[in-house]
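So you can see what is in the structure, the chains are spelled out below.
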Amino acid sequence: MYLATALIGNTGNLGIPLGIALFGIESVPYTSIINIANTLFIYIFSVYFFARDQFSIKQALISIMKIPGIWFAILALLINSQGITINKYIYNALEMGGYTSMVIQLFIFGMYLSSVKIKVLPWYSSLHISFVKHILLPFIGLIFVINFTNLNSYVASILIMELMVPLAVNNVNLAALYHCKPYDVAASILISSVVFVSFLYFYIQIIEYFIK
């Protein structure tokens, strides 16, 4: 659970809108690319770690190949790279399907979260995951961006912001699919979200101070 969730942020439902709020609509291409990379990471590495709780290495690798999200993400990249346009009616249908999936995803998260009791929250693991996600990972990312890349300040700020977003809700779906502590994962996402909201002001100040 720790390996599968600690590096995965909510770069889609939260990262893209937050990027628009902080950096304007021009940030969407960058946040979208990061979200695609994050999606592939989830459906490869997170699926592997969750599946390994129940299956052998071979079965875990096979389970990765069965995840449709990987193939559709690759298909989307191919369509985009070839400049293929999508009929507006098909696009509207796909868009409605995307919004529906978000609602179902949050509904599943709420179902598991409703069964989590405050007295039995996995504080130890959840706070460790939040430490990695909201302190260690952004710190390493900030040091790397400042010292080892030539990214302009705008792109660098977007990248650091995406490292700071809370855990992805999609982790609950995968944890439930592979019967790997879904209630603990739901609790970790809740705690991560609270930590993120508490740190958000300081995150913005850090980005403005170090990346100019």
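Structure first, text after, so check above.
These figures come from a predicted structure and were not determined experimentally. Each chain carries its own residue numbering, running from 1 in the written order of its sequence. For a predicted model such as this one, the threshold for reporting local features is a pLDDT of at least 70, and the threshold for listing and counting side-chain atom pairs is 80 or more; totals across whole chains, interfaces and linings nevertheless cover every residue. Heavy atoms from the whole structure form the basis of all side-chain values; hydrogens and water molecules are not counted.

Please provide a residue-by-residue account of the layout of surface pockets, values included.
Cavities and pockets were defined on a 1 Å grid built over protein atoms only: a cavity is a set of grid points that admits a 1.4 Å probe from which the probe cannot escape, a pocket is an open set flanked by protein on both sides within 12 Å along at least five of seven lines, and lining residues are those with an atom within 4 Å of any such point. Grid points are joined across faces, edges and corners, and a volume is the space filled by probe spheres set on the points. Roughly 2,000 Å³ of volume is contained in the largest pocket. Around the largest pocket, the lining comprises 45 residues; the ones closest to its centre are Asn35, Ile36, Thr39, Gly98 and Met102. Each helix is a run of H or I in the DSSP string that is no shorter than four residues. Each strand is a run of E no shorter than two, and both are numbered from the N terminus. In terms of residue count, the dominant contributor to the lining of the largest pocket is helix 3 (residues 28-52) (11 residues). Within this model, the second largest pocket holds a volume of roughly 210 Å³. Taken together, 13 residues form the lining of the second largest pocket, with Leu7, Thr11, Ile34, Asn38 and Leu163 sitting closest to its centre. Among the secondary structure elements, those contributing two or more residues to the lining of the second largest pocket are helix 3, helix 7 (123-148) and helix 8 (153-164). Among the elements that line the lining of the second largest pocket, the one with the most residues is helix 3, at four residues.

Tell me about the packing of aromatic side chains, residues and numbers included.
Here the aromatic set is Phe, Tyr and Trp, taking the six-membered ring for Trp, and pairing holds for ring centres within 6.5 Å; pairs whose planes are under 30 degrees apart are stacked, those over 60 apart are edge-to-face, and all others are tilted. Within the structure shown, the criterion is met by 10 aromatic pairs. With a centroid separation of 4.7 Å and 35 degrees between ring planes, the pair formed by Phe41 and Phe45 is classed as tilted. One end of the pair, Phe41, and the other, Phe45, are both in helix 3, four residues apart, so they sit about a helical turn from each other. Partly exposed describes any residue whose relative accessible area lies between the buried limit of under 20% and the exposed limit of over 50%, with all areas from a 1.4 Å probe on protein chains only and scaled to the type maximum. On the accessibility criterion, Phe41 (28% relative accessible area) is partly exposed. Judged by relative accessible area, Phe45 falls into the partly exposed class, the value being 41%. On the numbers, 5.6 Å between centres and 80 degrees between planes, the contact of Tyr201 with Phe202 is edge-to-face. Accessibility expressed as a relative area gives 54% for Tyr201, which makes it exposed. Taken together, the aromatic side chains of Phe23, Tyr30 and Tyr154 make up a single cluster linked through ring pairs.

Now, about a nonpolar patch on the surface: what can you tell me, with residues and values included?
Exposure above 30% relative accessible area and no salt bridge define the residues that can form patches, which grow by joining like charges within 9 Å and nonpolar side chains of Val, Leu, Ile, Met, Phe, Trp and Tyr within 5 Å. Using the Shrake-Rupley algorithm and a 1.4 Å probe, accessible areas are obtained, with residue cover drawn only from the displayed protein chains. The term salt bridge refers to a pairing of a side-chain nitrogen on Lys or Arg with a carboxyl oxygen on Asp or Glu at a separation within 4 Å. On the surface, Phe131, Ile135, Leu136, Phe139, Ile140, Ile143, Phe144 and Phe148 cluster together into a nonpolar patch covering about 800 Å² of accessible area. Relative to the elements of secondary structure, Phe139 occurs in helix 7.

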